[in-house]
Amino acid sequence: MSKPKTLGRGTSAEHRASAASRASAGSRAARASLALCAAVLAMGPAFGHAKLLGSLPAAGAEISGSPPSLTLTFNENVRLGVLKLTTAGHAVPVAIDPSPAPARVITIALPPLTAGTYNVQWSALTPSDGHVVKGTYTFMIR
Amino acid sequence: MMTVGIWDAAVVTAKAVTYAATLAASGGVFFLIYSHALLDRSCAGRIRRLIRVLVLVAVLAGGAMILATGASMSGDAGGLADVGLARMILQAGEGRASLARLTGLILIGAGLTARRPPAAVALLGSVAAATSFAWVGHVHSLVDLRGAWLPVLAIAVHLLGVAFWLGALIPLLIAAGDADRSRVAATVGRFGTAALAVVGVTLTAGVVMLCLLLRDVSELWIDDYGRLVLTKTLLVSWLLALAAFNHLRLTPRLFAYDEGALRALKRSITAELAVAGCVLVVTAAMTTITGPSALDMSR
């Protein structure tokens, strides 16, 4: 039985050509990855599988008088992590439970609010798998 | 409605790096175990060093992923240091997954002793680290919803197969630098033969998961999650084509000591790494910014 032969390492020119070829492939790969990341991130607003079904005050609603509370209703149990209320660029202090129990309907007490447009930014986690669901909406007090 | 912001992109990136480093470290251990007798001491040493670096990257990227998720929820950098949010994220599944992954990575590091095949403890660590992603995410939700362990079994098998396949690519590139071409051919041949069975099982497990997560085949083009699944499927098909080319065309030429085949193999493996990177980015997006219809309680 013939013993397998061992070839040399090749010329330095071959090595340079091979290295350049691999570098070129790597560069193409990096560009492809970046393009793919951009395409994926440009997909739009869907986030996780939990969904906000509705809110009170509702998104885009115009109400008269300060609402006593803000209610978010989801399609499954979530834990609310963030709720930020702003008006005219100023934050309105809102207290949320730091370790809330999972719930489909979450109600947060509001301080007295004056007339103006309010922006609500919320963020929650699905406790079963840790997926983030979040969104923003506005309502107006006349 | 919201748009995908910089912190969401950071979560996807950190998650993709965590996937890549963890699965590559686990697969690197598998590679060392089944190829150790064929590798020269220098190659085996370089692969061990690679695995140690990957373990470190996996730990750091996993931590970055949790911090970035806090920032993504908060919408600003303040979320990076929000202990309450980090606690909530860990309690919601990421904690058990991170613990399993960290334990596995520590075992990999402890079991990689010099100049010997990896110990059983490294193998155990590789299995724990690779399957840690099954402890959180959409497929795990199916268990909570339906009480069935088929989804977790399918994803665990899928993850181990992916680790075996993708984790061998950089070690193969390292082994291809060996001056002894007969050893290179034998190493590539051994991986290719084992990969035939592993890839088949991996794809089958992937199809089982899709059947559980999608309600209708039309979702592949009508919703975001389905379109990402379709993108991933196309990329995996590309990977399969490259792997088949390596196994059916290049490996026989390597056994015939064709120097051109070795250069072609290195190019092909580099391309496989690039496509695999894209697959992991798409997977990270699938598991972060979209959800499958089977988990949508309002449908």
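Cut-offs used in this document
Residues numbered from 1 in each chain as written. Chains lettered and ligands numbered in written order. Predicted model: local features only at pLDDT ≥ 70, side-chain atom pairs only at ≥ 80, totals over all residues. Helix = DSSP H or I, 4+ residues; strand = E, 2+ residues; numbered from the N terminus. Buried ≥ 20, exposed ≤ 12 C-beta atoms within 10 Å, placed from the backbone. Contact = placed C-beta atoms within 7 Å. Rg over C-alpha atoms; globule rule 2.2 N^0.38 Å. Pairing = 2+ DSSP bridges. Core = buried A, V, L, I, M, F, W, Y, C linked by C-beta atoms within 7 Å. Expected span 1.5 Å × (residues − 1). Axes fitted to C-alpha atoms, helices over the stretch in contact; angles between N-to-C directions. Parallel < 35°, antiparallel > 145°, perpendicular 65-115°, else oblique. Nonpolar A, V, L, I, M, F, W, Y, C, P; charged D, E, K, R; others polar. pLDDT = per-residue confidence, 0-100. Left-handed = near helix turned anticlockwise from the far one by under 90°.

Visitor: Describe the overall build of chain A, naming the residues involved and giving the relevant values.
Guide: Scanning chain A from terminus to terminus reveals one helix and seven strands. Ordering the α and β elements of chain A from the N terminus gives α-β-β-β-β-β-β-β. The proportion of buried residues among the 142 residues of chain A is 23%. For chain A, the share of sequence-separated contacts (at least 6 apart) that also reach a separation of at least 24 residues comes to 65%.

Visitor: Mind laying out the overall build of chain B, listing which residues take part and the relevant values?
Guide: Within chain B, the secondary structure is distributed over eleven helices and zero strands. Starting at the N terminus and ending at the C terminus, chain B contains elements arranged as α-α-α-α-α-α-α-α-α-α-α. Relative to its length of 299 residues, chain B is compact, with a C-alpha radius of gyration of 20 Å against a globular reference of 19 Å. Projected onto the principal axes, the alpha-carbon positions of chain B cover approximately 60 × 40 × 35 Å. Among the 299 residues that make up chain B, the fraction classed as buried is 53%.

Visitor: How would you sum up the environment of B:Leu172? Please name residues and give values.
Guide: Residue and element names in this part refer to chain B. Residue position: Leu-172 is located in helix H7 (residues 169–175). We classify Leu-172 as buried; it has 23 C-beta atoms within 10 Å. Between the alpha carbons of Leu-172 and Lys-266 there is a distance of 8.6 Å; along the sequence they are 94 residues apart. Non-local contacts of Leu-172, meaning those with residues more than four positions away in its chain, are made with Val-188, Phe-191 and Ile-269.

Visitor: Explain the pairing of strand S6 (residues 116–125) of chain A residue by residue, including any values.
Guide: Both faces of the sheet carry side chains from a regular strand, because those side chains alternate between them. All names here are of chain A. When strand S3 (residues 69–87) meets S6, the two strands line up antiparallel, connected through eight bridges. Its bridge partner lying in S6, Arg-79 is registered against Leu-125. Sheet topology places S6 next to strand S7 (residues 132–141); ten bridges connect them, and they run antiparallel. Residue Tyr-118 lies in a different strand from S7, and its bridge partner there is Phe-139. Remark: six residues form the turn of the hairpin made by S6 and S7, two consecutive strands paired antiparallel; Gly-130 in that turn has positive phi of roughly 80°.

Visitor: Break down unusual backbone geometry for me, citing the residues and quoting the values.
Guide: Glycine aside, negative phi is the norm for most residues, and most peptide bonds take the trans geometry. In this structure, A:Pro57 follows A:Leu56 across a cis peptide bond, with omega equal to -5°. Turning to its location among the elements, A:Pro57 is positioned in the loop between strand S1 (52–56) and strand S2 (62–63). Backbone geometry at B:Tyr257 places phi at a positive 60°, although glycine is not the residue there.

Visitor: A description of the environment of B:Phe133 should follow, citing residues and the corresponding values.
Guide: Residue and element names in this part refer to chain B. Along the chain, Phe-133 turns up in the loop between helix H4 (120–130) and helix H5 (138–146). Remark: the alpha-carbon pair of Phe-133 and Ala-97, spanning 36 residues in sequence, is separated by 6.0 Å. Filtering out sequence-adjacent residues up to four positions away, Phe-133 remains in contact with Ala-97 and Leu-159.

Visitor: Which residues make up the nonpolar core, and what are the values?
Guide: With 120 residues, the main nonpolar core has B:Ala25, B:Ile108, B:Leu159 and B:Ala163 as its most contacted residues. With sequence-adjacent residues up to four places away left out, B:Leu159 is seen in contact with B:Ala130, B:Thr131, B:Phe133 and B:Ala134.

Visitor: Can you break down helix H1 (residues 6–35) of chain B residue by residue, with the values?
Guide: Counted at 1.5 Å a residue, the expected span for H1(B) with its 30 residues is 44 Å, and the 42 Å between its end C-alpha atoms agrees. Most of H1(B) sits out of view: 24 of its 30 residues are buried.

Visitor: I'd like a rundown of the packing of H1(B) against helix H6 (residues 150–166) of chain B, residues and numbers included.
Guide: All names here are of chain B. Contact geometry of H1 with H6 gives a least axis separation of 7 Å together with a crossing angle of 70°. It follows from the interaxial angle that H1 and H6 lie roughly perpendicular. Across the interface between the two elements, Leu-23, Ala-24, Ser-26, Gly-27 and Phe-30 of H1 pack against Val-162, Ala-163, Phe-164 and Leu-166 of H6. A class-by-class count of the residues in the contact of H1 with H6 yields seven nonpolar, two polar and no charged.

Visitor: Go over the environment of B:Leu160 with me, naming the residues and quoting the values.
Guide: Residue and element names in this part refer to chain B. Take Leu-160: it is sitting in helix H6. For Leu-160 and Ala-128, which are 32 residues apart along the polypeptide, the C-alpha to C-alpha distance reads 9.6 Å. Those residues in contact with Leu-160 that lie beyond four places of it in its chain are Val-127, Ala-130 and Thr-131.

Visitor: Any chance you could break down H4(B) for me, citing the residues and the numbers?
Guide: Note that an α-helix has 3.6 residues per turn; residues three or four places apart therefore point the same way. Burial in H4(B) covers these residues: B:Ala122, B:Gly125, B:Ser126, B:Ala128, B:Ala129 and B:Ala130. Where H4(B) is buried, its residues contact H1, helix H3 (83–111) and H6 of chain B.

Visitor: Help me get a handle on the confidence of the model for chain A, residues and values and all.
Guide: Confidence in the prediction for chain A averages 77 pLDDT; 66% of positions are at 70 or higher. Scored below 50 in pLDDT, residues 1–15 of chain A shows twelve contacts in the model against residues more than four places distant or in partner chains.

Visitor: Provide a residue-level description of the packing of H1(B) against helix H2 (residues 41–74) of chain B, including the pertinent values.
Guide: All names here are of chain B. Contact pair H1 / H2: the axes reach a minimum separation of 7 Å and the direction vectors enclose 155°. In terms of axis orientation, H1 runs roughly antiparallel to H2. Classified by chirality, the crossing of H2 by H1 is left-handed.

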